[in-house]
Amino acid sequence: MHKILLPSILILASSVAPVCATQHAGEKIFEQSCAACHGSDGTGAIAGVPDLTQFKGFKSGENSDAALFEHFSHVKQGIKSSGPISMPPKGGNPNLTDQDIRDVLKYMREKFTGKIAYADNPQNSDQFVSRQEYEKLKEEMRVLKEQMQALLKDKSQVVSRKQAVAVEEPNVQSKILVSKELDTFKQAVVVEEPSTPSKETVANKELDTLKLEVKTLRAKTESLMPGLTSFLLTGYGFAGFTDSENSNSSFNAGFNPIFLWRPLDNLLFEAEVEFELEDTETHVELELAQMSYLLNDYITVGVGKFFNPSNYFIERLHPLWINKLPDQPITMVGSTRLQANTQLGVQVRGGVPIGQTRGEYAFYASNGPTMRADGTLSFDNFTDINSNKAIGGRLGWLPFPNFGFGYGFEVSAVDDLNGASLYSVTHVADLNYQKTSKRILGSIDVRAQYARRHVERSSSPMLAFNNLSSGGYAQIAYRPILSSLQLIRNLESVLRYDWIDRPSSIMFSDEQRWAIGLNYYLADRTILKFAYRFDDKKRALDSDTLFFQAAMGF
């Protein structure tokens, strides 16, 4: 069972492309990547999230550009909190550019203070220091400026003396007097500070010291940034109870740690291990192991084992603290699975601006699936049994904030019982919509995905049928997060319909399921789920199921 939380993850909030640097672009970015936690009005959509309308740098009087530069660093690097809530880098959206972050800060400043004065082009934004250090450096520069002005004043007095001598030369005697006066002045200067370096030398030394302090402070700040030359442990755990018709009821539990390492700003390694109790032993599986390199704001290359980009649910919604029901749609699990959950190979992905909208893409090449004796496909693609690799990808478009849809595909070749190579083609469509509205006193979440897979007809008598399968799911959830009562705000209702239509053969049966659920959020990443699933199978026994599950992300 695949239940992973990825900070690429954190792609989970929504993977989007950079947009034009305008106020409208900043508003879209805020609604897409920030409003889910902070709320459209900035007051915080979930418990524990800071109120941006009272946040330092917006209404506390700390309204300078330097303060907003500090916020820029917070957004870009993330904020690791000792409490239950931490902010991931770029709000969990790795496709955001520096310009996107500046756009959203400009929008937040205007939205919450009505003031627009943020510098559009801060240089070396990753070298910002704290406000206290900034004020200290500013004071030291003021002192240096006064010292330099005093030094220039002394030099100007000497020059004035020499000019006066050049004008007043009536006779040799006056020259001698003036010469003696100049010697006396020089001696006075030397006697006044016989062992003290010149002010210019002192100023140069102090300036060098100041530069060294800034360099040291920068190095110290970078060493403390999360995700740089250090490991990060995240993931989730769960425990639950399942009672299904025609099978024994049982408790279950699992733990999925995720390891992240970012040795360079544009290089990331991520891995996940699944520990789950199954039958009489602990099942251990490597769910994810991928190295990603960010070529630029629009292209990321990844190699290793990664989530299938064409399967939107598995890549972004399946972790149990995010999935709103205890189980997964029927086309994602077991022998009824129509797509691979993970791929072993290489992928190229990213996002691009399309006018005022955003587009995203992903393409991959991986080890292909294999065919079972009954004509179904196995996606345990650790090794490839033939030289034909699976080629697939997904194209997505977000025409409006919080709304997007995409098309995915995969083409591969599988061998039948006779060793003949058969083409397998899969098409996938997905739709996703989220909205928080005062009219309904809460948020609504709509998800849908449809997949259709066709395998070329085999000449083997056992597989001489039209091997066409299709299915999907549609789900809607409502949470009254704008209610004045905390108990009501923490509740969420869910309704899902999923189905699968299988080949016309006595070996298979079509199936339809309805699931209803009620969730309670103990915290932003801790959820209790109660659900009941109604099952309707053709040519097989139904298996209505009762679920209880507790899941926690960390």
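Conventions we followed
Residue numbers here run from 1 along each chain, matching the order of that chain's written sequence. It should be noted that, the model being predicted, local features are given only for residues of pLDDT at least 70 and side-chain atom pairs only at 80 or more, the latter also being counted only at that level, while totals for whole chains, interfaces and linings use all residues. The side-chain numbers reported here are obtained from all heavy atoms of the structure, hydrogens and water having been left aside. Here a strand is any run of E in DSSP of at least two residues, a helix any run of H or I of at least four, and the numbering for each starts at the N terminus. The classification of residues rests on relative accessible area computed with a 1.4 Å probe and restricted to protein chains. Under 20% of the type maximum is buried, over 50% is exposed, and intermediate values are partly exposed. Every residue pair with non-hydrogen atoms within 4.5 Å of one another is taken to be in contact. Accessible surface area values rest on a Shrake-Rupley calculation with a 1.4 Å probe, where residue burial reflects the displayed protein chains alone. Among the buried residues, those of types Ala, Val, Leu, Ile, Met, Phe, Trp, Tyr and Cys that are joined through side-chain atoms within 4.5 Å form a nonpolar core. Across the chain, each position has a pLDDT score giving the predictor's confidence in that residue, from 0 to 100. Side-chain rings of Phe, Tyr and Trp, where Trp is taken by its six-membered ring, are said to pair if the distance between their centres is within 6.5 Å; with planes under 30 degrees apart they count as stacked, over 60 as edge-to-face, and otherwise as tilted. Charge-over-ring placement is defined geometrically: NZ (Lys) or CZ (Arg) within 6 Å of the ring centre, and within 35 degrees of the ring normal. Any two strands with at least two DSSP-identified bridges between them are counted as paired. Throughout this description, the term salt bridge denotes a Lys or Arg side-chain nitrogen within 4 Å of a carboxyl oxygen of Asp or Glu.

Some remarks on the overall build of the protein chain
- For the protein chain, the count of helices and strands is nine helices and 18 strands.
- Per-residue burial for the protein chain yields a buried fraction of 45% across its 554 residues.
- Expressed as a percentage of contacts within the protein chain between residues at least 6 apart in sequence, the contacts between residues at least 24 apart total 59%.
- Summing over all exposed atoms, the protein chain offers an accessible surface of approximately 27,900 Å²; the carbon and sulfur share of this is 60%.

Quick word on the nonpolar core
- The biggest cluster of nonpolar side chains holds 13 residues, and the ones touching the most others in it are F30, I101, V104, L105 and M108.
- For this core, the secondary-structure elements that each account for two or more residues are α2 (23-38), α3 (65-77) and α4 (98-113).
- Among the elements that make up this core, the one with the highest residue count is α4 (five residues).
- If you look at the next biggest cluster of nonpolar residues, it comprises ten residues, including M371, L377, F379 and L422.

With respect to the confidence of the model for the protein chain
- Of all residues in the protein chain, 75% attain a pLDDT of 70 or more, and the chain-wide mean is 80.
- The low-confidence segment residues 57-63 (pLDDT under 50) makes 22 contacts with residues lying over four places distant or belonging to another chain.
- Segment residues 188-194 is flagged for pLDDT under 50; beyond a separation of four residues in sequence, or across chains, it makes zero contacts in the model.

Some thoughts on the packing of aromatic side chains
- For the coordinates displayed, the defined rule picks out 18 aromatic pairs.
- With centroids separated by 4.9 Å and ring planes inclined at 55 degrees, the aromatic side chains of F241 and F251 adopt a geometry described as tilted. Here F251 lies in strand β2 (residues 250-264) and F241 lies in strand β1 (residues 231-244), a separation of ten residues in the sequence.
- The partly exposed category is assigned to F241, whose relative accessible area is 21%.
- Ring centres of F465 and F508 lie 6.1 Å apart, and the angle between their planes is 65 degrees; this geometry places the pair in the edge-to-face category. Placement of F465 in the loop between β13 (442-455) and β14 (467-479) and of F508 in the loop between β15 (491-501) and β16 (511-523) is noted, with a sequence separation of 43 residues between them.
- Grouped by ring-pair contacts, the aromatic residues W397, F400, F403, F405 and Y433 constitute a single cluster.
- Here the basic side chain of R479 rests over the ring of Y521, its NZ or CZ set 4.1 Å away from the ring centre.

Some details on the pairing of β14
- Judged from the 13 bridges that link them, β13 and β14 form a sheet pairing that is antiparallel. The partner of V455 across the bridge, within β14, is N467.
- The pairing of β14 with β15 spans nine bridges and is antiparallel. Within β15, the position partnered with G472 by the bridge is W499.

Topic: the side chain of N308
- Locating N308 in the fold gives a position in the loop between β5 (300-307) and α8 (312-317).
- The buried category is assigned to N308, whose relative accessible area is 0%.
- If we skip the residues at most four places from it in the chain, N308 touches E315, Q339, A340, N341, T342, Q343, Y364 and E410.

Things to note about the pattern of salt bridges
- This structure, assessed with the given rule, holds 15 salt bridges.
- In this structure, R496 engages D327 in a salt bridge whose closest nitrogen and oxygen atoms are separated by 3.0 Å. Here D327 lies in the loop between α8 and β6 (342-354) and R496 lies in strand β15, a separation of 169 residues in the sequence. There is no split in this pair, since R496 and D327 are both buried.
- Notably, a salt bridge pairs R513 with D327, separated by 3.8 Å at the nearest N-O pair.

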